[in-house]
Number of protein chains: 2
Amino acid sequence: MANKQKRFILTENEIPTAWYNIVADMKNKPMLPLHPGTRKPVTVEDMAHIFTLEASKQELNQTDAWIEIPEAVREQYKNYRCTPLVRATELEKALDTPAHIYFKNESVSPVGSHKLNSALPQAYYAKKEGIESLTTETGAGQWGTALSYAGKAFGVDIKVYMVKVSFQQKPYRRSIMQTFGANVIASPSDTTKAGRAILAKDPDYTGSLGTAISEAIELALETPNCRYALGSVLSHVSLHQTIIGLEAEKQMEMAGEYPDIVIGCFGGGSNFSGIAFPFMRHSLLEGKQTRFIAAEPASCPKLTRGQFHMDFGDEAGYTPLLPMYTLGHNFKPAAIHAGGLRYHGAGVTVSQLLKDGLMEAVDIKQLDTFKAAQLFAQTEGIVPAPESSHAICAAINEALKCKEEGKQKTILFNLSGHGLIDMTAYDQYLSGTMTNFELTQEEIDANIAELKKIIN
Amino acid sequence: MANKQKRFILTENEIPTAWYNIVADMKNKPMLPLHPGTRKPVTVEDMAHIFTLEASKQELNQTDAWIEIPEAVREQYKNYRCTPLVRATELEKALDTPAHIYFKNESVSPVGSHKLNSALPQAYYAKKEGIESLTTETGAGQWGTALSYAGKAFGVDIKVYMVKVSFQQKPYRRSIMQTFGANVIASPSDTTKAGRAILAKDPDYTGSLGTAISEAIELALETPNCRYALGSVLSHVSLHQTIIGLEAEKQMEMAGEYPDIVIGCFGGGSNFSGIAFPFMRHSLLEGKQTRFIAAEPASCPKLTRGQFHMDFGDEAGYTPLLPMYTLGHNFKPAAIHAGGLRYHGAGVTVSQLLKDGLMEAVDIKQLDTFKAAQLFAQTEGIVPAPESSHAICAAINEALKCKEEGKQKTILFNLSGHGLIDMTAYDQYLSGTMTNFELTQEEIDANIAELKKIIN
């Protein structure tokens, strides 16, 4: 029997104290990443050259289902968690659907998105291991903002390579990072060999995420007591994000319901994993029948139209080779406004789960996401991030199916962030100048053929 | 004995069901506003030409201490309330103060500020009274955004006159209003006589808040079934904002403390009143010893350096004459970044309370507010609005006094909103190009002399 409340919030004592490592419960474990040089499975030691030791251990942990959240991280989580679980009653009314729609509102985090959930433990582990600084890259700026906040919280210096065109055109996120005390560097820069080489060729180059990653990793490798931190794709990031779903599980209990469908938007996979894995645990262990839907942009469809193949996590080929659904690491996604979803591949765990039929994926066109976003804003009052709008659109589509079929299903999606700093995108939508980006099968095939030439 | 939790949140059932009307409990009632033509006390009928009938009744209600919150408004409140009460433990540590600092976090509202608390009932009353559209003006955009949201929630058309220079230079807030479905008009416009007259003189005029108010009121007066809505200054707005303090009262109980000092930033007075009045009730009725501090900008010091005098609420002189602390309605405040505090006068209730010594006021310089804001961001993780930073700065000053005197006091302030859409101001601060604005006694005296010539 559904509880009629609008919002459900756990008390501080009810906030989970361990993250859920789904790999321990998977029958088919994901294959291990391979060392890019030797092509042998990477070891914790290999990974710990780049990442913190603890993150490296978590990345390769296939046995422990529960990883304790350090006390200091839990204290930081309390600054914004538990985040509300909200029944989207006004959206339900607008759709005239028998479905019950719930969303987990991660936009109330001080940086406006779920990214903080992994930035905090990564900064904490760095501090604990005597690492003095962390480097990272950022495009739109959500991850860089979260890591800047976390670095300040734990006393770790943060250096963020921000794609130069974003640095110039998205000053708001840059300023937020600087307000938190981070060093934000426009990439390409003269602080690394990679950056200098590119600038020598083209002094006016406005940068790319690939270049920014190269710079951040190079700096981490060449600076004493410095490591690199990543905000998605990797398994330890997904692990940290399970705090979302673990809270939601208890909150859905408060609401007196269990989701038939769980939805997250999909870039590298961390927010989707975060909301889905704790519920998927009941599917794996108890045979619960729940559908898990990853909503990706039609312009970057690695899950729906990509191939399962070994591939690099970055454009430059610095990372281990990862077994994943990919469009090829050289894939150049169109300039959609959901910058956080413009990534060529899916994390290894999600890739294995998709391969095994334990989850599904849908692709959503840009104009449809903004239509859904405006309806959501006008009903539930929150202007969603362009990324999160993919999950909203998928949830609306499912709710409309319920209406057609006269079925009362319970839908849960993750609102990964708000869009208050993405209003130029809304402007474009409202003025009618926004377009979809079509991607032909030929383009996808060509890119994957290219990948197979490099990695066979 | 203080509870050690970080955040305190009420359950939905504990959210207050009535607002607190402090005027009913005041020994010296505020004088009634005067009709600008007849100079006689205004009646509900006078006011209801401009405002909704219910808001007009509330404005002049001096007898009922509790006004029920309509069920439909309470339902809407549940979308974001109860807002968290947070113990600022990290800020306390950074200041090394024995003081306990708490803040009420109104920035988690979907529009990012407390303004929604009054926008919702005003839109609801309009709908209930058969009013089809509401007009208003907005400078920085916080109030316009809140009213746009509320209008969509209750099915009332919203027309917002936005000062043209803000319309052009602050596109984010404009887009948010448009996303909610509001009609946003750059003022001066050709939609009103007032606007056309100004444009005829100077087609390139970039507007002022005074002109925008004139346009909004003119449209409300000349359009059938249309009224005007104001977001601060008036007593019914303060009434609606008491939801902040009423929640905080219960939350402080959860925390096991009672504030020695309550602080709010001060523009027209609504967010200060909102947090202060429910606690002031105990001072009025039970003689509790609590200090109430309004923190205003040094560049717009009506409370600390203005005079108590009858004055208009707007530059054009359309509103009733209000007995208030004022710098004169022709006062032109400097272009500080806390746009929401650039107002010449204080609401009539607060003015009476200040006159009677029941509260105090401090003025804060712009550079000090941003220094406080950055410290707050780096400790508590939230980038505050420039307006709210005045309250933060006043709270820090009091906490440092506690340290000096070795006293453990409990300080509560209102974080009225976040600053994520105000990052250009932070940029200016971080780059060292921000300045204070000094105001000489001669300038203030001249302006008040001018006022006394107009209204004697």
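To be clear, the structure that these remarks concern was listed above.
Residues numbered from 1 in each chain as written. Chains lettered and ligands numbered in written order. Predicted model: local features only at pLDDT ≥ 70, side-chain atom pairs only at ≥ 80, totals over all residues. Heavy atoms only, no water.

Participant: Where do I start with the state of the cysteines in this structure?
Facilitator: Between two cysteines, a covalent bond joining their sulfur atoms is known as a disulfide. Counting across every chain of the model gives 0 disulfides over all chains. No disulfide involves Cys82 of chain A; its nearest neighbouring cysteine sulfur is the one of Cys82 of chain B, lying 13 Å away. Relative accessible area serves as the criterion here: at 2%, Cys82 of chain A is assigned to the buried category. Free cysteine Cys265 of chain B: the closest other cysteine sulfur is in Cys393 of chain B, separated by 12 Å. (Disulfide = S-S within 2.5 Å. Buried < 20%, exposed > 50% of the residue type's maximum accessible area, 1.4 Å probe, protein only.)

Participant: Help me out: how do you make sense of the relation of the copies chain A and chain B in this one?
Facilitator: The relation between the two chain copies is a rotation about an axis coupled with a shift along that axis. Overlaying chain A with chain B gives an RMSD of 0.0 Å, the required rotation being 180° about an axis along which the chain moves by 0.0 Å. In the structure described here, the two chain copies are related by an operation that fits a two-fold rotation axis. Every residue of chain A has its C-alpha some distance from the rotation axis, and the shortest such distance is that of Val108 of chain A, at 3.0 Å. Comparing interface residues between copies, 100% of those in chain A also sit at the interface in chain B, which points to an isologous, same-surface contact. (Least-squares fit on C-alpha atoms with pLDDT ≥ 70 in both. Contact = heavy atoms within 4.5 Å.)

Participant: Looking at this model, I keep getting lost on the interface of chain A and chain B. Mind explaining?
Facilitator: Reports often express the size of an interface as the amount of accessible area lost when the parts come together. Every contact between the two is made by 40 residues of chain A and, on the other side, 40 residues of chain B. Around 3,600 Å² of area is buried between chain A and chain B when both sides are counted, 56% of it from carbon and sulfur atoms. Contact with chain B buries area across many residues of chain A, yet Tyr172, Thr179 and Leu420 of chain A alone supply 19% of it, more than any other trio. At the surface where chain A touches chain B, the tally comes to 2 salt bridges. Across the salt bridge formed by Arg174 of chain A and Asp427 of chain B, the nearest N and O atoms sit 3.0 Å from each other. (Buried area = accessible area lost by both parts, 1.4 Å probe. Salt bridge = Lys/Arg side-chain N within 4 Å of Asp/Glu carboxyl O.)

Participant: Sorry if this is basic, but what is going on with the environment of Ser148 of chain B here?
Facilitator: All names here are of chain B. Within the element layout of this structure, Ser148 appears in helix H6 (residues 142-154). Looking at Ser148, the relative accessible area reads 2%, which means it is buried. Expressed as a C-alpha distance, the spacing of Ser148 and Ile176, which sit 28 residues apart in the sequence, is 8.7 Å. One polar contact links the side chain of Ser148 to the main-chain carbonyl oxygen of Gly144, over a distance of 2.7 Å. (Helix = DSSP H or I, 4+ residues; strand = E, 2+ residues; numbered from the N terminus. Polar contact = N/O pair within 3.5 Å; in protein donor to acceptor, adjacent residues only side chain to side chain.)

Participant: I would appreciate a short explanation of the pattern of salt bridges in the present structure.
Facilitator: Between side chains of opposite charge, pairing is possible as soon as their charged atoms come close. Taken as a whole and assessed by the stated rule, the structure comprises 32 salt bridges over all chains. Ionic pairing is found between Lys453 of chain A and Glu450 of chain A, a salt bridge with its closest N-O pair at 3.7 Å. Taken together, the residues Lys453 of chain A and Glu450 of chain A, both in helix H18 (residues 441-454) and 3 residues apart, mark about one turn of the helix. The exposure class of Lys453 of chain A is exposed, given its relative accessible area of 64%. For Lys193 of chain B, the salt bridge goes to Glu222 of chain B, with nearest N and O atoms at 3.3 Å. With a gap of 29 residues between them, Lys193 of chain B in helix H9 (residues 193-201) and Glu222 of chain B in helix H10 (residues 209-222) connect regions that are remote in the sequence. Given the relative accessible area of 52%, Glu222 of chain B is considered exposed. Members of the salt-bridge network, linked through shared partners, are Arg81, Lys104, Glu106 and Glu247 of chain A.

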